[in-house]
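# Notes for the structure review
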Amino acid sequence: MKARTFWLVFAHEARVLIADRTLPLVLTLFALLIGYAITNGIVEIRARDAAVASILTKQNERNARNIDQLQRINAGIETPAPFSNAADPANVGGGLGGRFAYVPTSALAPMAFGQSDMIPNYYQVTYRSRVNFMYDSEIENPWNLLSGRFDVAFVIVYLLPLFIFAMSYNLLSAEREQGTLRMLLSQPLTLTKLVLAKVSIRAGTILTCAILIPVAALLIFRPETRDAVSLVQLAAWAVLVCAYGLFWFAVAVIANAFSRSSAANALVLVGSWVVLVLIVPVLLNLAVSVASPAPSRTELATQTRLITVDGLRRYQKLFSADYRYSDKPDLLLPKDGRFEVQSRPKAAFMLQRDVEADIQKLLDRFDAQLEGQQSLVDRWGVISPAIIVHEGLAALAGNGSQRYLHFQRQVATFHATWKQFFEPRILESRAMTEADFAAMPTWKWQEETLRRQLSDLSVRAIQILALVLVVAGIGFWRLKKSSAV
Amino acid sequence: MIRLIAQREFTEFVRDGRLLWAGGIMLLLIVTALGVGWQRQSHLHAERHAAQHLDYEDWLKQDERHPHDAAHQGMHVFKPEPPLSIIDPGIGPYVGSTIWLQAHRQSEVKFRPAQDATGLQRFGTFSAAWLVQILAPLLIIVFGFNAFAGERELGTLRQLMSLGVSSRALLWGKALALAMGIGVLLVPGVVVAAAAVVIESEPGRLLDSALRFLMLGLAYAVYLAITVFVVLAVSARASSSRVALISLLALWIVGVLLAPRVMSDLSRHVYPSPSRTEFASDLSTDLKSEHDKAWREQFGVSTGWGPDLPLSKWGVALQVNDHVGYGVLDRHFGALWDTFEKQQRMQEWAGLLIPVLAVRSLSMGLSGTDFVQHRDFSVAAERQRRVVQDIMSHDLIDHADPLGDRHFAYQADKELWAKVPPFDYQTPSLAVVLRHHWSGFAILSAVLAAAVALALLFVPRRLPL
């Protein structure tokens with residue numbers, strides 16, 4: 001019998017919401033926005049995939065050309081130019097053969113752009129020091145970076161709460177204002193049950209819409225999402241979105257539990273949204289940057305230069321030795337497995353190596369600083385569900401800060417391996433062989449483990465659900481106590 | 001009469017606590033933002049100024065060495081942080097501040113602060129400009145949504161009319177009250193900001209800063225006035241204060257939150273910018289073909305830097321190479337930056353419908369933190385790089401080895417280093433800024449006129465009761 005009254009209210013509420021056009025209007029608008037966002041995401045990620053594919057194609061062509069050239073040189077058919085010589089390890093270890101290290105897009109990448117429009121998704125790794133290539137950035141209009149992107153994460157974090165408010169700011173206050181609340185409560189129906197039924201129909205429809213549309217779009221247009229791991233991720237995504245939605249419904253319940261006017265409720269709700277979604281994250285960002293400040297980039301620039309100057313002085317002799325190709329063109333050809341690497345490229349290699357070693361400590365400080373900030377955000381993010389979800393969605397999409405740090409650490413390792421491979425060849429003047437080309441370090445991306453991702457996510461989900469329980473608890477307690485009629 | 005109305009209305013803001021609570025928070029936020037901005041600006045400015053100075057000293061102190069190696073050591077140039085960035089850091093977090101001017105290639109301005117920040121950075125940058133652009137309109141909505149609708153519900157509107165108060169006087173009085181309400185909250189901020197700007201300005205450019213500050217104030221005043229009249233118009237038209245509030249909140253959300261992102265997508269769609277791969281590969285291809293052509297024409301050789309060219313010619317070759325490169329670099333970077341500017345211009349004109357876009361662009365421009373001024377710095381830095389390059393190549397040509405087989409053996413001394421002037425960068429003057437941003441003022445004025453007209457239309461002489 002009790003369950004029946006719930007469904008009675010539920011069905012009645014559904015009919016009313018459809019009849020007064022609230023539900024169709026809100027849902028259509030929301031569907032349009034989230035549909036636009038996911039389309040945006042899919043298009044963008046396709047372009048990113050295509051860009052990576054094109055650099056890989058170019059890299060493979062380049063490699064084939066290099067091997068081809070080497071064969072011709074060895075066969076005595078070609079005398080190469082000094083700075084594009086496949087037999088010269090200094091050339092191949094530099095720009096001629098440098099390999100791309102890239103971070104592949106995750107299955108859920110179209111859901112949130114995260115940091116991907118700012119931090120590069122690939123680097124060309126050569127023997128040049130990391131300071132020279134790690135601080136490149138993706139080409140994007142800074143004005144647009146400032147505006148932010150219209151992705152699914154934006155719709156969820158910013159807009160979903162507002163749509164929830166639009167549906168429920170006058171959950172009870174409207175009934176009260178129309179005088180129907182008294183009538184309703186004269187029936188065998190508690191206020192709690194009434195509110196639960198009202199929230200259920202609203203939450204059920206809008207959250208279904210919020211989850212179903214992006215998930216369906218991904219399953220149809222992004223085949224990568226159909227494997228088991230991605231399905232688990234999609235499920236985790238849905239849990240996060242649901243928890244976030246429920247939080248805002250709970251806030252709406254609290255607002256309605258006080259017998260204030262609909263207008264006052266709307267004001268209070270928007271106020272809470274402004275504080276939690278707009279102000280708190282920006283203030284936390286500020287607090288975090290004060291608590292764990294970035295070392296000075298100006299200092300880094302100055303240090304880099306000083307170290308470079310030092311190196312230039314150290315290898316002065318090598319740098320002032322001339323190329324001797326003009327009188328001895330034979331120097332451009334390998335001989336008995338040896339290739340005489342000229343003094344200047346040798347010096348350049350050693351200079352870059354030393355700069356790297358000396359600047360390492362400073363670079364480590366930057367990495368440590370960013371990790372410090374991130375852990376502060378993870379710890380304190382709980383003060384706003386918007387932060388938890390924003391970070392969580394970016395992480396699930398594989399575009400969060402953590403994954404980029406993970407990527408940059410792998411690039412550093414790959415870079416070290418690369419230099420190790422070329423160091424003896426350059427310094428001992430060993431000619432490149434075909435076997436070398438086969439044995440050259442290749443980039444292999446190591447994905448973060450699913451387990452780590454899920455444990456990270458479950459922490460977030462638990463944080464939000466705890467918030468939901470607290471807020472909803474207060475709301476319903478207040479409803480029970482109040483004479484809200 | 002208008003003053004009386006404004007006074008009564010203002011008293012109501014004070015008495016019902018709206019001014020104290022909503023306004024108090026706003027006031028606190030603005031003053032904090034200015035304090036943080038001030039600290040950041042003065043720190044960055046001092047640090048970069050010192051680094052710039054040190055850098056040039058190191059350049060002069062170089063030992064005897066080959067000029068091309070000196071060019072490889074290069075110079076760092078640092079973008080000065082303008083005093084008004086205390087109020088509006090603009091695109092600052094998303095562009096770098098440092099360029100290493102080295103041989104061969106134009107480099108990017110590096111070290112974007114946002115790259116040293118977590119994902120939270122993307123929620124926005126905490127600054128006075130952000131607060132006034134985003135939150136001040138909300139505050140005006142909170143103060144003004146029931147201006148007419150509330151009086152109508154209470155029945156006081158009928159009474160007022162029966163007293164012979166003209167509806168227009170009511171409109172102006174209420175507008176004045178809203179202006180006073182928001183003004184009271186902004187005054188402390190304005191005072192702090194003015195002090196900061198005066199203290200941080202270089203003495204020679206005080207007038208420039210002061211004028212920029214005044215215009216900035218004017219721009220924001222127009223922006224807030226637009227909000228005031230839109231709020232009053234909606235409040236007069238709405239059937240109830242609830243409807244007024246909901247419509248205004250919807251307008252606010254679309255105006256400050258939704259539309260800027262949609263417009264940014266749209267502008268990218270209309271004027272697509274290349275990805276980094278495309279840009280780099282197009283640039284390299286063009287450079288290579290132009291270089292090859294120059295080598296063929298000048299030296300009759302098919303490949304650059306090959307054994308066919310005697311080392312004594314390398315100085316000339318360096319110069320030829322560089323000069324061919326300049327044109328290609330200008331073309332490619334110019335096209336990219338033009339695209340950015342077109343994207344922004346399109347969004348600025350969208351300010352006719354979404355005023356926040358117009359005021360944002362204008363505010364950055366006046367604060368010296370917009371793209372135009374960033375570009376000006378990048379161009380100046382590249383010019384400096386070319387000065388260095390040209391002086392070095394010239395010297396190499398003058399000292400080309402008569403034996404024909406030496407190039408790097410030559411070493412220049414301190415006299416040559418001193419020929420390179422220090423990088424003395426002057427940020428663009430207000431006149432340059434206005435040339436780019438007059439449209440912002442025009443757009444905001446047009447929108448204000450439209451908002452006033454709307455308010456007059458919705459508050460006719462015979463107000464519906």
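Note that the structure is a prediction, hence the values are computed from the model and not measured. Along each chain, the written sequence defines residue order, and numbers are assigned to residues from 1. Written order determines the labels here, with chains lettered from A and ligands numbered from 1. Owing to the predicted nature of the model, reporting of local features is limited to residues with pLDDT of at least 70; listing and counting of side-chain atom pairs is limited to 80 or more, with chain, interface and lining totals taken over all residues. Side-chain descriptors were evaluated using all non-hydrogen atoms of the structure, hydrogens and water having been removed beforehand.

## Overview of the side chain of R149(A)
We count it as follows: Put simply, DSSP marks the helices as runs of H or I at least four residues long and the strands as runs of E at least two long, and each gets a number from the N terminus on. Under the rule applied, a polar contact is a pair of N or O atoms within 3.5 Å (in protein, one hydrogen donor and one hydrogen acceptor; residues adjacent in sequence only if both atoms are side-chain atoms). What makes two residues a contact is simply this: any of their non-hydrogen atoms within 4.5 Å.
The topology assignment puts R149(A) in the loop between α5 (142-147) and α6 (152-168). Within the structure, the side chain of R149(A) is placed 3.3 Å from the side chain of E44(A), a separation counted as a polar contact. Other than its neighbours up to four places away in sequence, R149(A) contacts N40(A), E44(A), F113(A), D117(A), E140(A), F154(A), R261(B), D265(B) and R268(B).

## A closer look at the interface of chain A and chain B
As a reminder of what qualifies: Accessible area, probed at 1.4 Å, shrinks when two parts are joined; the buried area is that loss added up over both. The term salt bridge refers to a pairing of a side-chain nitrogen on Lys or Arg with a carboxyl oxygen on Asp or Glu at a separation within 4 Å.
In this complex, chain A contributes 92 residues to the contact, which on the side of chain B involves 92 residues. At the boundary of chain A with chain B, total buried surface from both sides reaches about 8,400 Å², with 61% on carbon and sulfur atoms. Together, I139(A), W143(A) and R305(A) form the three largest contributors to the area buried by chain A at its contact with chain B, with a combined 10%. Taken together, chain A and chain B are joined by seven salt bridges. Measuring nitrogen to oxygen at the nearest pair gives 2.7 Å for the salt bridge that ties D58(B) to R305(A). Joining chain A to chain B, the criterion identifies 27 residue pairs in polar contact (both at pLDDT 80 or more).

## Considering a nonpolar patch on the surface
Residues and elements named next belong to chain A. The cut-off we apply is this: A residue counts toward a patch only above 30% relative accessible area and without a salt bridge, and it is joined to like-charged neighbours within 9 Å or, for Val, Leu, Ile, Met, Phe, Trp and Tyr, to nonpolar neighbours within 5 Å. Note on areas: Shrake-Rupley, 1.4 Å probe, and residue coverage restricted to the protein chains presented here. A simple rule labels every residue: compare its accessible area, found with a 1.4 Å probe on the protein chains alone, to the largest value its type can have, and call it buried under 20%, exposed over 50%, or partly exposed in between.
Residues W380, V382 and I383 make up a contiguous nonpolar surface patch of about 270 Å² in total accessible area. On the secondary structure map, I383 appears in the loop between α14 (343-380) and α15 (385-396). A relative accessible area of 44% places I383 in the partly exposed class.

## Concerning the pairing of strand β1 (residues 75-78) of chain B
Residues and elements named next belong to chain B. Put simply, the rule reads: Pairing between two strands is assigned when DSSP locates at least 2 bridges connecting them.
Going residue by residue along β1, you find M75 and V77 tucked away on one face and H76 and F78 tucked away on the opposite face as well. In terms of strand pairing, β1 meets strand β2 (residues 98-101) through four bridges, oriented antiparallel. By the bridge assignment for β2, H76 is matched with W100.

## A word on empty space enclosed by the protein
Going by this rule: Cavity: a set of points on a 1 Å grid over the protein atoms alone where a 1.4 Å probe fits but cannot get out. Pocket: an open set with protein on both sides within 12 Å along at least five of seven lines, its lining residues, like those of a cavity, having an atom within 4 Å of a point. Grid points are joined across faces, edges and corners, and a volume is the space filled by probe spheres set on the points. Three classes are used, and their members are as follows: Ala, Val, Leu, Ile, Met, Phe, Trp, Tyr, Cys and Pro are nonpolar, Asp, Glu, Lys and Arg are charged, and the others, Gly among them, are polar.
A complete count under the given rule lists five cavities of 30 Å³ or more for this structure. One number sums up the size of the largest cavity: a volume of about 420 Å³. If you trace the largest cavity, you find 24 residues lining it, with L146(A), G124(B), W130(B), I134(B) and R360(B) closest to the centre. Of all the elements in the fold, those that place two or more residues in the lining of the largest cavity are α5 of chain A together with α4 (128-144), α9 (241-270) and α12 (355-367) of chain B. Along the lines of polarity and charge, the residues of the lining of the largest cavity split into 13 nonpolar, seven polar and four charged.

## Observations concerning the packing of aromatic side chains
Applied cut-off: Pairing of aromatic rings covers Phe, Tyr and Trp, the last through its six-membered ring, and needs centres within 6.5 Å; plane angles under 30 degrees mean stacked, over 60 mean edge-to-face, and all others mean tilted. Cation placement over rings: the criterion is NZ of Lys or CZ of Arg within 6 Å of the ring centroid and within 35° of the ring normal.
Scanning the model with the defined rule gives 32 aromatic pairs over all chains in all. With centroids separated by 5.9 Å and ring planes inclined at 65°, the aromatic side chains of W59(B) and W417(B) adopt a geometry described as edge-to-face. In this pair, W59(B) is assigned in helix α2 (residues 18-60) and W417(B) in helix α14 (residues 414-419), connecting sequence segments 358 residues apart. Here W59(B) matches W417(B) in class, with each residue buried. The interplanar angle of 75° and the centroid separation of 5.4 Å between the aromatic rings of F377(B) and Y425(B) together place this pair among those described as edge-to-face. Separated by 48 residues along the polypeptide, F377(B) in helix α13 (residues 371-398) and Y425(B) in the loop between α14 and α15 (430-458) bring together distant segments of the chain. The exposure class assigned to F377(B) is buried, which follows from its relative accessible area of 0%. Judged by its relative accessible area of 14%, Y425(B) falls in the buried class. Chaining the aromatic ring pairs together yields one cluster made of Y123(A), F407(A), F414(A), W418(A), F421(A), F422(A), W443(A) and W445(A). R297(A) extends its terminal NZ or CZ atom over the ring of F366(A), reaching a point 3.7 Å from the ring centre. For the cation-ring pair, R425(A) lies above F421(A), with the distance from its terminal atom to the ring centre recorded as 3.9 Å.

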